[in-house]
Amino acid sequence: MMLTPSIAVLRRDLTAHWRRRGELANPLLFALMVTTLLPLALGPESQRLAFLAGGMVWVTVLLAGLLTLDGVFRADAEDGSLDQLLLSPAPLSMLVLAKLTAHWLVAGLPLTLVAPLLGLMLQLPQEAIGTLTLSLLLGTPLLSLVGGVCAALTVGMRRSGILLALLVLPLYVPVLIFGAGAVDAALTAQSAMQPLLLLGSGLLLALGLAPLACAVALRLGTT
Amino acid sequence: MNPILYWFHKLGSPPTFYAFAGKLMPWLLVLTLISGGIGLYWGLFVAPADYLQGESVRIIYIHVPAAWMSMAIYAFMAVNAIFALVWRTKIAEILAMAAAPIGAAFTFITLVSGSLWGRPTWGTYWTWDARLTSQLVLLFLYFGVIGLYSAIEDRRRAARAASLLILVGVINLPIIRYSVEWWSTLHQPATIRLVGESSMHASMLWPLLIMAIATKFYFAWALLARSRVMVLRQESGKAWVRDMLESKEPRP
């Protein structure tokens, strides 16, 4: 019963994204292009690329996700549906969680699914691909949640591109460290369990706190 | 009501704060100059040069107090951010925002003096070790707060949005700190501990502590100077500001 409004928001957001499904490919194309540029800049030697691949895939995914972040609340703020959400009797944090889930489903999850391909392009050894995907599966929702708070803070501004990056990137540091650290551990035949568990605990913490912070930020932006 | 609590409440009103800060500032400036003068003279001329590092060890009297301040100011901003978000205290908003550039400056001084110190002792200006990296991230957090505050037109709304960002940063800072330490540990462990014996000789510890006090006085002075201007600008339409500017009496 309590979840009904959230599910409605989730369904609405997914439908809206599906109607403009051409745009969904953009972050994926961006990630593919960055991954094409990297060997051109670093040289084609397989060994050197393999050594750096985990970290480079993580940075690429992080930046591609950053490009989609500005849109999380902006379209809703412009057409007025954000005000409807704020007026709704349902708890705002649950509605926000639904919106962030929708964002992850259309940005984070597809990026996670193409990540093995990006890894192969950068000569990432087969045995590390599983860890890479797992670390992204735990890490990308975390990026959506933390990024959502900053997107909510900047929603009142007309354009927020660089500022949003400035706010978000320092907060992404731990996610990047543990995510890339897990892949690194898998490459050097150590156990990737510790960084993965830390990513998971970070995700749980953010699941609890980020929607609340996001709701406060949205209310600040409109009053 | 308890008189101290009453006074504290009254200080939240802009005219009282403005007058009180004006009275306090000359004292703070004098204390800054005295303690800073003693600390710098002691540190740069009296204290012994290090057996291993030679004269370059004297950078510690700038570097370490600045590093302490860079974190203390963020904590100060976080406390004010809570006041600003929960009780919507105008002065708390202003204090949090006035502190941000000072904190950023101390963080910058820490990074620059640290890298100048690193050259003779480690042989490089920059290494990606845990404490350097988390200071750099702290600087970016400060820039984020300043950037968000200046990007929103309405001053009070901007201050509250930036306050929320400060609190998000406060939750994140220990995590960033831990993650960066997990990532790399190359730096020497901390030499000054609050509990237990410090591994630093008293001839170096004293000037360091005096400098730490001097930076606190400087922070208080700079904070009040900045926030007085911000109070005047925000309240420029109010009657008390007009009365004060029109009156011929010497201003506090």
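Residues numbered from 1 in each chain as written. Chains lettered and ligands numbered in written order. Predicted model: local features only at pLDDT ≥ 70, side-chain atom pairs only at ≥ 80, totals over all residues.

### Side note on the overall build of chain A
Helix and strand counts for chain A stand at nine helices and zero strands. Counting helices and strands in the order they occur from the N terminus, chain A gives α-α-α-α-α-α-α-α-α. The C-alpha radius of gyration of chain A comes to 18 Å, within 12% of the 17 Å expected for a compact globule of 223 residues. Along the three orthogonal principal directions, the C-alpha set of chain A runs to about 55 × 35 × 30 Å. (Helix = DSSP H or I, 4+ residues; strand = E, 2+ residues; numbered from the N terminus. Rg over C-alpha atoms; globule rule 2.2 N^0.38 Å.)

### Section: the overall build of chain B
For chain B, the helix and strand inventory stands at eight helices and zero strands. Along the longest, intermediate and shortest principal axes, the C-alpha atoms of chain B span 65 × 40 × 35 Å. A buried classification covers 35% of the 252 residues belonging to chain B. Sequence separation of at least 24 residues holds for 76% of the intrachain contacts in chain B that already meet a minimum separation of 6. (Buried ≥ 20, exposed ≤ 12 C-beta atoms within 10 Å, placed from the backbone. Contact = placed C-beta atoms within 7 Å.)

### Overview of unusual backbone geometry
For Gln123(A), which is not glycine, the phi dihedral falls at a positive 65°. Given 17 C-beta atoms within 10 Å, Gln123(A) falls into the partly exposed group. Look at Arg88(B): it is not a glycine, yet its phi comes out positive at around 55°. Along the chain, Arg88(B) falls in the loop between helix 3 (60–86) and helix 4 (90–122).

### Observations concerning the interface of chain B and chain A
Contacts between chain B and chain A engage 22 residues on the former and 20 residues on the latter. Mapped onto the side of chain B that touches chain A, the elements with two or more residues apiece are helix 5 (130–151) and helix 6 (155–183) of chain B. If one sorts the elements of the side of chain B that touches chain A by residue count, helix 6 of chain B sits on top with 13 residues. Its residues placed into classes, the side of chain B that touches chain A shows 16 nonpolar, four polar and two charged. (Nonpolar A, V, L, I, M, F, W, Y, C, P; charged D, E, K, R; others polar.)

### Concerning the packing of helix 3 (residues 46–69) of chain A against helix 7 (residues 126–153) of chain A
Residues and elements named next belong to chain A. Running from N to C, helix 3 and helix 7 cross one another at 30°; their axes reach a closest spacing of 10 Å. In terms of orientation, helix 3 lies roughly parallel with respect to helix 7. Here helix 3 and helix 7 pass one another in a crossing that is right-handed. Contact with helix 3, carried on its side by Gly54, Val57, Val61, Leu62, Gly65 and Leu69, involves Ala128, Leu132, Leu136, Thr140, Leu143, Gly147 and Ala151 of helix 7 and no other residues of that element. Looking at the contact of helix 3 with helix 7, its residues break down into nine nonpolar, four polar and no charged. (Axes fitted to C-alpha atoms, helices over the stretch in contact; angles between N-to-C directions. Parallel < 35°, antiparallel > 145°, perpendicular 65-115°, else oblique. Left-handed = near helix turned anticlockwise from the far one by under 90°.)

### Remarks on the environment of Leu220(A)
You can see Leu220(A) is positioned in helix 9 (residues 193–222). Remark: the alpha-carbon pair of Leu220(A) and Gly156(A), spanning 64 residues in sequence, is separated by 9.3 Å. If near-sequence neighbours (up to four positions away) are discounted, Leu220(A) is found in contact with Arg157(B), Arg160(B), Ala161(B) and Leu164(B).

### Here we look at the nonpolar core
Core analysis: the biggest nonpolar cluster contains 136 residues, and Val149(A), Leu153(A), Ala217(A), Ala96(B), Leu148(B), Leu164(B) and Leu165(B) have the highest contact counts within it. In terms of residue count, helix 8 (residues 161–187) of chain A provides more of this core than any other element does, 16 residues in total. With residues near it in sequence (within four places) discarded, Ala96(B) still touches Met77(B), Asn80(B), Ala81(B), Ala84(B), Ala159(B), Ser163(B) and Ile166(B). (Core = buried A, V, L, I, M, F, W, Y, C linked by C-beta atoms within 7 Å.)

### Re helix 4 of chain B
Residue and element names in this part refer to chain B. Between its first and last C-alpha, helix 4 extends 47 Å over 33 residues, near the 48 Å set by a 1.5 Å rise per residue. Roughly 30° is the biggest bend found in helix 4, and it falls at Ala100, with proline Pro101 one to four residues downstream. Positive backbone phi, approximately 85°, marks Gly123, located one or two places after helix 4. (Expected span 1.5 Å × (residues − 1). Bend = angle between axes of the 7 residues up to and from the residue.)

### Notes on the environment of Thr16(B)
Its place among the elements puts Thr16(B) in helix 2 (residues 14–46). Not counting chain neighbours up to four residues away, the residues in contact with Thr16(B) comprise Lys10(B) and Leu11(B).

### Remarks on the environment of Pro170(A)
Summarising the element assignment, Pro170(A) is placed in helix 8. Among the residues examined, Pro170(A) registers 21 C-beta atoms within 10 Å and is labelled buried.

### So, the packing of helix 3 of chain A against helix 8 of chain A
Residues and elements named next belong to chain A. Between helix 3 and helix 8, the shortest axis-to-axis distance is 9 Å and the interhelical angle comes to 150°. Considered as vectors, helix 3 and helix 8 are oriented roughly antiparallel to each other. For the crossing formed where helix 3 meets helix 8, the hand is right-handed. Every residue of helix 8 that contacts helix 3 at Gly54, Gly55, Trp58, Leu62, Leu66 and Leu69 is listed here: Leu164, Ala165, Val168, Tyr172, Leu176, Gly179, Ala180, Val183, Asp184 and Leu187. Here the residues of the contact of helix 3 with helix 8 are counted per class, giving 12 nonpolar, three polar and one charged.

### Some points on the confidence of the model for chain B
Residues and elements named next belong to chain B. Per-residue pLDDT for chain B has a mean of 86; in total, 90% of the residues score no lower than 70. By mean pLDDT, helix 1 (residues 3–11) is the weakest element of chain B at 82, and helix 3 is the strongest at 93. Segment residues 185–189 is flagged for pLDDT under 50; beyond a separation of four residues in sequence, or across chains, it makes six contacts in the model. Every residue in residues 193–197 is under pLDDT 50, and counting partners more than four places away or in other chains gives one contact. Across the whole predicted complex the pTM is 0.89, and at the interface the ipTM reaches 0.88. (pLDDT = per-residue confidence, 0-100.)

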